[in-house]
Every structure is written in structure tokens, then in C-alpha cells.
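Single-letter residue listing:
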Amino acid sequence: MPEAGHVVTVSRRIEAPAERIFAVVADPSRHVDIDGSDMVRGAISHARIAAVGDRFEMAMFSNFLGGDYVMDNHVVEFEPGRRLAWAPAPGDERSARGRFTIGVPPGHRWIFELEPDGPDTTVVTHSYDCSRAPEDLQHNVQQGEMWRGAMTGTLERLEKVCAA
């Protein structure tokens, strides 16, 4: 069970049907368009997410990590039109930083939940759950709080993409 304070959640009511929003979230090539952290550089894997067990790699950039790196994302929850969650894993040496194993998620998750609110409106909840991550990772991300602004930006961008 996730610990309180280790799951950060933001929500936004978006004037678009859940199916349209989910189609964007489930398409790794669209993540660069909606990323509020400005760390996503593009999809390496372009296949649409379709099931638990799918994996998709993303090209990323972080000054903290010293530049470009790769994340290998493992889909851990998938409910079409409603819920998508993935557990990121280091995809290369730079993202592993000698602390994590390439290809093995260390325990944190990104989650999108969509709740229809009428035929053409959806409440989208975006969460970051680090409750299962190692203590030092939880500390480094301030129990997830460091992502709150980026997550809010992601939902703002998602709204612009889906309302267009």
C-alpha cells in the first residue's frame, strides 16, 4: 500500500472525451508534446501502448544526470480509456548512474487516470508514486513533491493537445 506523502497527485478537468485523451497518453511519440518537465526529447519506441507488459523507451535530457539518457518504461497498469501506469527503469549507463540496474524498475510509477465527466469532458488525474522506491530515491525527489509543477504543466499541455 502506498505511504501517504509518497504519492503526488494533480488533477485537471479537460474539455475532451476520455478516448481522445487516452489515445495521446498511450502514444509514446506524443509524450514530447505533453511533457511538463521539458525532459522528454522523443520516443525511441513508437508502438502505441496496448497492454500490461508493454515497454517503451524514451530519449530524455537532464542537467542533473549530465545530459542525454534513456528511460525504459514498463507498463504495469492498463485499462483502455481509463488508466495507464508505467514503472520507469534506467535504459542506459547514464540513467543507471551506477546505482540502479539497467532495465529494472526501482519502484516508482507514473500514472494517468481518466474519469469521464459528461460526453466531451474528462477529469484527468496524473500521479507520481514513489512509495515502493528505495529511500534515497524518495529523498532525492522530495517524496515526489519535486514533480508537482511538472505534472501540472503536463496536464496543461495535454489539455492544449486534446482540445485542438
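Residues numbered from 1 in each chain as written. Predicted model: local features only at pLDDT ≥ 70, side-chain atom pairs only at ≥ 80, totals over all residues. Heavy atoms only, no water.

## Side note on the side chain of H126
- In this fold, H126 is placed in strand β7 (residues 122-129).
- For H126, a relative accessible area of 5% gives the class buried.
- At a separation of 3.1 Å, a polar atom in the side chain of H126 contacts the main-chain carbonyl oxygen of I111.
- If near-sequence neighbours (up to four positions away) are discounted, H126 is found in contact with V8, T9, V10, W110, I111, F112, M151, T154 and L155. (Helix = DSSP H or I, 4+ residues; strand = E, 2+ residues; numbered from the N terminus. Buried < 20%, exposed > 50% of the residue type's maximum accessible area, 1.4 Å probe, protein only. Polar contact = N/O pair within 3.5 Å; in protein donor to acceptor, adjacent residues only side chain to side chain. Contact = heavy atoms within 4.5 Å.)

## Examining the layout of surface pockets
- Quantified by volume, the largest pocket comes out at close to 890 Å³.
- In terms of lining, the largest pocket is formed by 37 residues, of which the most central are M39, M60, Y69, W110 and W147.
- If you list the elements that add at least two residues to the lining of the largest pocket, you get α2 (31-34), β3 (55-62), β4 (67-79), β5 (83-90), β6 (109-116), β7, α4 (135-140) and α5 (148-163).
- Within the lining of the largest pocket, the residues separate by chemical class into 24 nonpolar, ten polar and three charged. (1 Å grid on protein atoms, 1.4 Å probe; cavity = no way out; pocket = protein on both sides within 12 Å on 5 of 7 lines; lining within 4 Å. Points joined across faces, edges and corners; volume = space filled by probe spheres on them. Nonpolar A, V, L, I, M, F, W, Y, C, P; charged D, E, K, R; others polar.)

## A look at the pairing of β3
- Of the two faces of β3, only one is covered, namely that formed by F56, M58, M60 and S62; the face formed by R55, E57, A59 and F61 stays uncovered.
- Two elements, strand β2 (residues 40-43) and β3, share three bridges in a ladder whose sense is antiparallel. In the sheet register, V40 faces β3, and the bridge partner there is M60.
- Looking at chain direction, β3 and β4 are connected through eight bridges and run antiparallel. When the sheet's bridge partners are listed, R55 is paired in β4 with H74.
- Here β3 hands over to β4 after four residues, with G66 in that stretch at a positive phi of 85°. (Pairing = 2+ DSSP bridges.)

## Observations concerning the side chain of N73
- With respect to the element layout, N73 can be found in strand β4.
- Take N73: its relative accessible area is 5%, and that puts it in the buried class.
- Those residues within four positions of N73 in sequence are excluded, and the remaining contacts are D54, R55, F56, M58, W86, A87 and P88.

## Let's talk about helix α1 (residues 18-25)
- Of the positions making up α1, those classed as buried are A18, I21, F22, V24 and V25. An end-on view of α1 places all buried positions within 160° of arc, on one side of the element. (Arc of directions from axis to C-beta.)

## Section: the packing of α1 against α5
- Look at α1 against α5: their axes get within 10 Å of each other, and the N-to-C directions meet at 115°. As for the relative orientation of α1 and α5, their crossing is right-handed in sense. Residues R20, I21, V24 and V25 of α1 pack against L158, V161 and C162 of α5.
- Class assignment of the residues belonging to the contact of α1 with α5 gives a composition of six nonpolar, no polar and one charged. (Axes fitted to C-alpha atoms, helices over the stretch in contact; angles between N-to-C directions. Left-handed = near helix turned anticlockwise from the far one by under 90°.)

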